[in-house]
Amino acid sequence: AESPVSERVVVLRPSTGTTQWSRPYPLHRGQLELQVAFTATGTLVTSAEGGTTDLWNAETGTVLRRFPIGGRFALSPGGGQAVIAVNGSEHNSVSTSVELLDLTTGQVRVLQPVPVSTWMATLQYAPDGKSVVGGSLDGDLRVWDVSSGAILATYPTGSGGRVQIAIDPSGR
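Residues numbered from 1 in each chain as written. Predicted model: local features only at pLDDT ≥ 70, side-chain atom pairs only at ≥ 80, totals over all residues. Heavy atoms only, no water.

Student: For this particular structure, what's the right way to read the sheet that holds strand β9 (residues 97-102)?
Tutor: The pairing of strands in a sheet happens through backbone hydrogen bonds and is either parallel or antiparallel. Ordered in space as β7-β8-β9-β10, the four strands form an open sheet in which the pairing is antiparallel. Each edge of the open sheet carries a strand with a single partner, namely β7 (72-75) and β10 (108-110). Averaged over all neighbouring strand pairs, the angle between strand axes comes to 25 degrees, with direction disregarded. Two strands pair when backbone bridges link them, and strand β8 (residues 81-86) and β9 are joined in this way by six bridges, in the antiparallel orientation. Paired with Ala85 across the bridge in β9 is Val98. (Pairing = 2+ DSSP bridges. Helix = DSSP H or I, 4+ residues; strand = E, 2+ residues; numbered from the N terminus. Axes fitted to C-alpha atoms, helices over the stretch in contact; angles between N-to-C directions.)

Student: Before we go on, may I ask you to explain the pattern of salt bridges in this structure?
Tutor: If charged atoms from side chains of opposite charge come close, those side chains can pair. Overall, the coordinates contain four salt bridges when judged by the stated rule. The salt bridge involving Arg66 is made with Asp54; its shortest N-O contact spans 2.9 Å. Placement of Arg66 in strand β6 (residues 63-67) and of Asp54 in strand β5 (residues 53-56) is noted, with a sequence separation of 12 residues between them. Residue classification places Arg66 among the exposed residues on the basis of a relative accessible area of 52%. Classification of Asp54 by relative accessible area gives buried; the value is 0%. Salt-bridge contacts for Arg142 lead to Asp140; the nearest nitrogen and oxygen are separated by 3.6 Å. Like Arg142, the residue Asp140 is buried in the burial classification. Each member of the salt-bridge network shares a partner with another, and the members are Asp138, Asp140 and Arg142. (Salt bridge = Lys/Arg side-chain N within 4 Å of Asp/Glu carboxyl O. Buried < 20%, exposed > 50% of the residue type's maximum accessible area, 1.4 Å probe, protein only.)

Student: Help me understand the packing of aromatic side chains in this model?
Tutor: Note on aromatic pairs: each is described by the distance of the centres and the angle between the planes. Applying the stated rule across the entire model yields one aromatic pair. Between Trp21 and Trp56, the ring centres sit 5.4 Å apart and the planes meet at 15 degrees, which makes this aromatic pair stacked. Taken together, the residues span a long stretch of sequence, with Trp21 in strand β2 (residues 18-27) and Trp56 in strand β5 at a distance of 35 residues. (Phe/Tyr/Trp six-rings, centres within 6.5 Å; stacked < 30°, edge-to-face > 60°.)

Student: I would appreciate a short explanation of the nonpolar core in the present structure.
Tutor: Across soluble globular proteins, nonpolar side chains have a tendency to be buried as a group. Grouped together as the largest cluster of nonpolar side chains are 14 residues, with contacts concentrated most on Val83, Val98, Met120, Leu123, Tyr125, Val132 and Trp144. Mapped onto this core, the elements with two or more residues apiece are β8, β9 and β11 (120-125). Counting residues per element, this core draws most heavily on β11, which supplies three residues. In contact with Val83, not counting residues within four places along its chain, are Arg72, Phe73, Ala74, Val98, Glu99, Leu100, Leu111, Leu123, Tyr125 and Val132. One finds Val45, Ile69, Ile84 and Val86 within the second-largest nonpolar core, a separate group that totals 11 residues. (Core = buried A, V, L, I, M, F, W, Y, C linked by side-chain atoms within 4.5 Å. Contact = heavy atoms within 4.5 Å.)

Student: Looking at this structure, how should I read the side chain of Thr118?
Tutor: Here Thr118 shows up in the loop between β10 and β11. For Thr118, a relative accessible area of 2% puts it in the buried group. At a separation of 3.4 Å, a polar atom in the side chain of Thr118 contacts the side chain of Asp138. (Polar contact = N/O pair within 3.5 Å; in protein donor to acceptor, adjacent residues only side chain to side chain.)

Student: Would you explain the sheet that holds strand β4 (residues 44-48) in this entry?
Tutor: Strand order across the open sheet formed by four strands is β3-β4-β5-β6, with antiparallel pairing between neighbours. Looking at which strands have only one partner, the edges of the open sheet turn out to be β3 (34-38) and β6. On average, adjacent strands in this sheet sit at an angle of 20 degrees to one another, irrespective of strand direction. Pairing geometry for β4 and β5, over four bridges, is antiparallel. Bridged to Leu44 within β5 is Trp56.

Student: Please explain the side chain of Thr53 as it appears in this structure.
Tutor: In this fold, Thr53 is placed in strand β5. A distance of 2.7 Å separates a polar side-chain atom of Thr53 from the backbone oxygen of Ile69. Not counting residues up to four positions away in its chain, the partners in contact with Thr53 are Val45, Thr46, Ser47, Arg65, Arg66, Phe67, Ile69, Gly70, Ile84 and Leu101.

In structure tokens form, the structure reads like this:
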């Protein structure tokens, strides 16, 4: 049996540069790197491709809640939702989905599916929280309406899959 690889989640005190806490985060076979972000209220969110999405008390390092889906993610502007790219275990997987996770209730809603064999590489909420932009390894950018879950537009980038997203804070 293979042993899991262990990454660490570390929270530093910026004023002193000292470690506030450090915890192991086991990555099991098929899981990819851990991603981290803070909600607007200071809760630490971690998520790993093929693993779980966890909410942590940022002061103590205690896991407050664990959700059974994980992947590349972005937090809504208010921090109450996460949009998660639930990719299959291979870059040409047919099982990719983009899902909205309510971080309070745990309710999950699947957005309009992406084409078969699309691997979502990056996601970002618009500043108003009404749409989500996702970039995939097929080189396309897609825009979803959060309310309906529908893909509003698809933009081919010709990037060969090297897509990063930044949205102007003014929403333009």
